[in-house]
Amino acid sequence: MKHTACYHLPGLFEFYELYRLFLPLFREHREYFYDWCEIGSIYGAPPDCIWGGGRVEAGEHSPAEVLALTQEYGISARLTFSNSLLRPEHLSDRKCNAVCQQFAQRGTVQNGVIVHSELLLNYLQQHYPELYLVSSTTKVLTEFAQLRRELERGGQVFYLHNRVETIDLTASRIQKLLGPEVRVVVGHGKMGEQELSA
């Protein structure tokens, strides 16, 4: 069984010129790259987008240009909306909604959104079901109920444990709490490549 590593690259808008040169090279000269590497997505937020959470994105290219490039190469474009301070009145932002409408139109691959706010997550599910949603890696869950909700909506949860000696015991406890329908796996720096890929 061959394993593939999917890389998710930053700078969807700000590195447009770089990707315009790199993607043809990646497609036409696969011999320059490991055969187990693929590009899973390119992510970022358009400039001046309130849902982006204050990310300083640059770039002079429109969402339509960015989408044309990613679709040409069969790569998913992911909007990054990590503003945790959104209020209901922000959901009507015309610019953010216009970008979502463009990204929701199906091309060669499905596009998505990396989202932090529960409020925005619910809004996107309701208004743009064509987009797949990924929980922001900046989200910190501090209550078991939050973890349950994340799993129920189809999300992934990563639990960080700081002692290799007790990691298996902790994983066993987590498995008991979550039940058999949830897959719990362990990985740490003392494991060999074979163990990690199993």
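Structure shown above.
Everything in this summary refers to the structure shown in the same document. Keep in mind it's a predicted model, so treat the numbers as computed, not measured.

The rules behind the values
- Think of each chain on its own: its residues are numbered from 1, step by step along the sequence as written.
- With the structure being a predicted model, the display of local features is reserved for residues of pLDDT at least 70 and the display and counting of side-chain atom pairs for 80 or more, all residues being used for whole-chain, interface and lining totals.
- For the side-chain quantities, the full set of heavy atoms in the structure was used; hydrogens and water were omitted.
- Here an axis means a line fitted to C-alpha atoms, over the contact stretch when the element is a helix, while the angle between two N-to-C directions is reported on a 0 to 180 degree scale.
- For helices the rule is a DSSP run of H or I covering at least 4 residues; for strands it is a run of E covering at least 2, with both sets numbered from the N terminus onward.
- Note that the term roughly parallel is reserved for angles under 35 degrees, roughly antiparallel for angles over 145, roughly perpendicular for angles of 65 to 115, and oblique for everything else.
- The contact criterion used is simple: two residues touch if any of their non-hydrogen atoms lie within 4.5 Å.
- Residue classes follow a fixed rule: Ala, Val, Leu, Ile, Met, Phe, Trp, Tyr, Cys and Pro count as nonpolar, while Asp, Glu, Lys and Arg count as charged, and any other residue, Gly among them, counts as polar.
- Patches in this entry comprise residues that are over 30% relatively accessible and not in a salt bridge; like charges within 9 Å are linked, as are nonpolar side chains (Val, Leu, Ile, Met, Phe, Trp, Tyr) within 5 Å.
- Accessible surface is estimated by sampling points in the Shrake-Rupley manner with a 1.4 Å probe; for residues, cover comes only from the protein chains shown.
- Salt bridges are identified by distance alone: a Lys or Arg side-chain nitrogen within 4 Å of an Asp or Glu carboxyl oxygen.
- Stacked, edge-to-face and tilted labels apply to pairs of Phe, Tyr and Trp rings (six-membered ring for Trp) whose centres lie within 6.5 Å, assigned for plane angles under 30 degrees, over 60, and everything in between, in that order.
- For each residue, the accessible area found with a 1.4 Å probe, counting protein chains only, is set against the maximum for its type, and the residue is called buried under 20%, exposed over 50%, and partly exposed in between.
- Working rule: Lys NZ or Arg CZ, within 6 Å of ring centre, within 35 degrees of ring normal, means a charge sits over the ring.

Right, let's get into the packing of helix α1 (residues 16–28) against helix α2 (residues 63–72). The relative placement of two packed helices is expressed as an angle between their axes plus a distance between the axes. Look at α1 against α2: their axes get within 10 Å of each other, and the N-to-C directions meet at 10°. Viewed along their axes, α1 and α2 adopt a mutual orientation that is roughly parallel. Along the contact surface, α1 presents Y16, Y19, R20, L23 and R27, while α2 presents E65, V66, L69 and E72. Residues that form the contact of α1 with α2 fall into these classes: five nonpolar, no polar and four charged.

Bringing a nonpolar patch on the surface into the picture now. On the surface, Y7, Y34 and W36 cluster together into a nonpolar patch covering about 360 Å² of accessible area. Mapping W36 onto the fold places it in the loop between α1 and β2 (37–44).

Next up on the list: the packing of aromatic side chains. Applying the stated rule across the entire model yields seven aromatic pairs. Note on F22 and F26: the rings are 5.8 Å apart at their centroids and 35° apart in plane angle, and the pair reads as tilted. With F22 and F26 both in helix α1 and four residues apart, the pair spans about one turn of that helix. You can call F26 buried: its relative accessible area is 11%. Ring plane angle 65° and centroid distance 6.5 Å describe the contact between Y123 and Y128, whose orientation is recorded as edge-to-face. Using a relative accessible area of 14% as the deciding quantity, one classes Y123 as buried. One aromatic cluster in this structure is built from W51, F81, Y123 and Y128. Over the face of the ring belonging to F26 we find R30, whose NZ or CZ atom lies 4.1 Å from the ring centre.

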